[in-house]
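# A closer look at the structure
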Amino acid sequence: MQRVSTYLTICMAYCIMQLGEAKLVDWFTNRSSSEVSQGPEEATSAQSNFMYSHVQPWKSGIAVSLQEAEARLKATDDKPDQRQLKMAMLLLSSDAQQLCCSLKNFSGHVSRWTPTDVFVFSPENRLQAAFEESGCHLGEFAPTLIFLRIHEHWETPEEAEDSSTWTATDTAGENYRRMGHWRLAFQMEFALKLGYKYVLQTDDDSGFAEPIDTNLIKFLGANQVYMAARNIILEDPQDCTLGLAEIAKLFLVTERLVPTTLYSQSCEPSNISGLYTTELGGPATGGYRTNYLYGNFVIISLDFWFQDQIQRFVRLVLRTGAHFRYRWNEQQVQTLVWKIFVPANNFHLFDFAYEHPLKNWHGC
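### Some words on the pairing of strand 4 (residues 198-202)
- With 5 of 5 residues buried, strand 4 lies mostly within the body of the structure.
- Residues of strand 4 alternate between two faces, with Tyr-198, Leu-200 and Thr-202 on one and Val-199 and Gln-201 on the opposite face, all of them buried.

### Considerations on the pattern of salt bridges
- As enumerated under the stated definition, the model contains 12 salt bridges in all.
- As a salt-bridge pair, Glu-133 and Arg-126 come within 2.7 Å of each other at their nearest N and O atoms.
- Judged by relative accessible area, which is 48%, Arg-126 ranks as partly exposed.
- With a shortest N-O distance of 3.6 Å, Glu-174 and Arg-178 are connected by a salt bridge. Taken as a pair, Glu-174 and Arg-178 lie in helix 7 (residues 174-194) at a separation of 4 residues, close to a single helical turn.
- Through salt bridges with shared partners, a single ionic network connects Glu-70, Asp-78 and Arg-83.

### So, the packing of aromatic side chains
- What the rule picks out here adds up to 25 aromatic pairs.
- A centroid spacing of 5.8 Å and a plane angle of 45 degrees characterise the contact between Phe-219 and Phe-350, whose relative ring orientation is tilted. Of this pair, Phe-219 sits in helix 8 (residues 216-222) while Phe-350 sits in strand 12 (residues 347-350), and the two are 131 residues apart along the sequence.
- Its relative accessible area of 24% is what places Phe-219 among the partly exposed residues.
- Of the residues examined, Phe-350 reaches a relative accessible area of 8% and is grouped as buried.

### Describing the nonpolar core
- One finds Phe-119, Phe-121, Phe-190 and Met-227 to be the most contacted residues of the largest nonpolar core, which totals 62 residues.
- Per element, the largest residue contribution to this core is 9 residues, and it comes from helix 7.
- Apart from residues lying up to four places away in sequence, Phe-190 is in contact with Ile-62, Ser-65, Leu-66, Ala-69, Leu-90, Phe-119, Phe-121 and Leu-148.
- Counting 31 residues, the second largest nonpolar core, distinct from the first, contains Leu-91, Phe-208, Leu-220 and Ala-228.

### Considering helix 14 (residues 329-341)
- With 13 residues, helix 14 extends 19 Å between its outermost C-alpha atoms, agreeing within 8% with the 18 Å of an ideal straight helix rising 1.5 Å per residue.
- Where burial is concerned, most of helix 14 is hidden: 13 out of the 13 residues are buried.

### Considerations on the state of the cysteines
- For the coordinates displayed, the defined rule picks out 1 disulfide.
- Across the disulfide from Cys-100 sits Cys-136; the S-S distance is 1.3 Å. Taken together, the positions of Cys-100 in helix 5 (residues 96-109) and Cys-136 in the loop between helix 6 (127-133) and strand 3 (144-149) put the pair 36 residues apart, joining distant regions of the chain. Judged on exposure class, the residue Cys-100 and its partner Cys-136 are both buried.

### Quick notes on the confidence of the model for the protein chain
- Counting all residues, the mean pLDDT for the protein chain is 83, and 80% of those residues have values of 70 or more.
- Per-residue pLDDT, averaged within each element of the protein chain, yields its smallest value for helix 3 (residues 49-52) (33) and its largest for helix 11 (residues 302-305) (98).

### A word on the environment of Gln-265
- Here Gln-265 shows up in helix 10 (residues 262-266).
- Remark: the alpha-carbon pair of Gln-265 and Arg-289, spanning 24 residues in sequence, is separated by 8.1 Å.
- Excluding anything up to four places from it in sequence, Gln-265 contacts Arg-289, Asn-291, Trp-338 and Lys-339.
- Here Thr-261 takes part through its side chain, which lies 2.7 Å from a polar atom of the side chain of Gln-265.

Conventions adopted
Residues numbered from 1 in each chain as written. Predicted model: local features only at pLDDT ≥ 70, side-chain atom pairs only at ≥ 80, totals over all residues. Heavy atoms only, no water. Buried < 20%, exposed > 50% of the residue type's maximum accessible area, 1.4 Å probe, protein only. Helix = DSSP H or I, 4+ residues; strand = E, 2+ residues; numbered from the N terminus. Salt bridge = Lys/Arg side-chain N within 4 Å of Asp/Glu carboxyl O. Phe/Tyr/Trp six-rings, centres within 6.5 Å; stacked < 30°, edge-to-face > 60°. Core = buried A, V, L, I, M, F, W, Y, C linked by side-chain atoms within 4.5 Å. Contact = heavy atoms within 4.5 Å. Expected span 1.5 Å × (residues − 1). Disulfide = S-S within 2.5 Å. pLDDT = per-residue confidence, 0-100. Polar contact = N/O pair within 3.5 Å; in protein donor to acceptor, adjacent residues only side chain to side chain.

Structure (structure tokens):
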């Protein structure tokens, strides 16, 4: 019964979110094909009328964070019109020593070649002081380093407050799920509104074992890369992806959209009939393969991420709360964005030596 309820919740959240109950039937019976996008490059403002007219419940706190970030950037040699030439790297941290070692690694291996502004978010008021007390100082790093306090956007979505509905609780607690929600609901818009074009998503316990001696922003731009990640693809158990295939299928059907690589990479058979979760009563073999991008190193073009059709998909997920309840987190949702929207030529896997977690702090 819970599984049936999961699917119905996803369906109704999507439909009511876009149209409201009164227009629901009319939309399904009368929506014209001219309103439907054929791909991410053809999204139009007409398609996004439903979604952008609503107040988003996960927006609380972003304005305060933006004001604080602007004030701190002004205290550096920051030039707002130059931010599009820099990478924005957002970190969550509460461990000053670990953060210090990770940033030393990043400074020596990446930001010497790729200009980067690093924003460290923490619930701890004293993280910056503890960071400097640990022997690290803001001025010694190649990237601009900004410490910010997490505000109301570090939250459990209302749709997922009942923890009795959560799956995979043995591997993912509330803070882990909040991290995934924060990355989907906050970090991209924060970077976009500050004027950046790319977000580097990583963890404060990760690092590079060799220099990346190229300007990543120039590389991504020259090769028209929308998303990039480490050359490692993992696979989640079913209890971390419950309903994921079904929400993707709902979106594809209602948008009348053919995905770029989803069927060939992850479905058996390799068409929409193979897009199902085996646990939900479909055939015991085949179905959706739950392979995903490792979330501790992902680069995303914000011009790409904020296309209307992609935002409709991300907001559909956020409104259901399923990413939180069923531990999809940002990893599985970003992976679906890749498989649904990114043409093969616009995706890149980096084959450099990388450690997560760092086993050797490289002299730190």
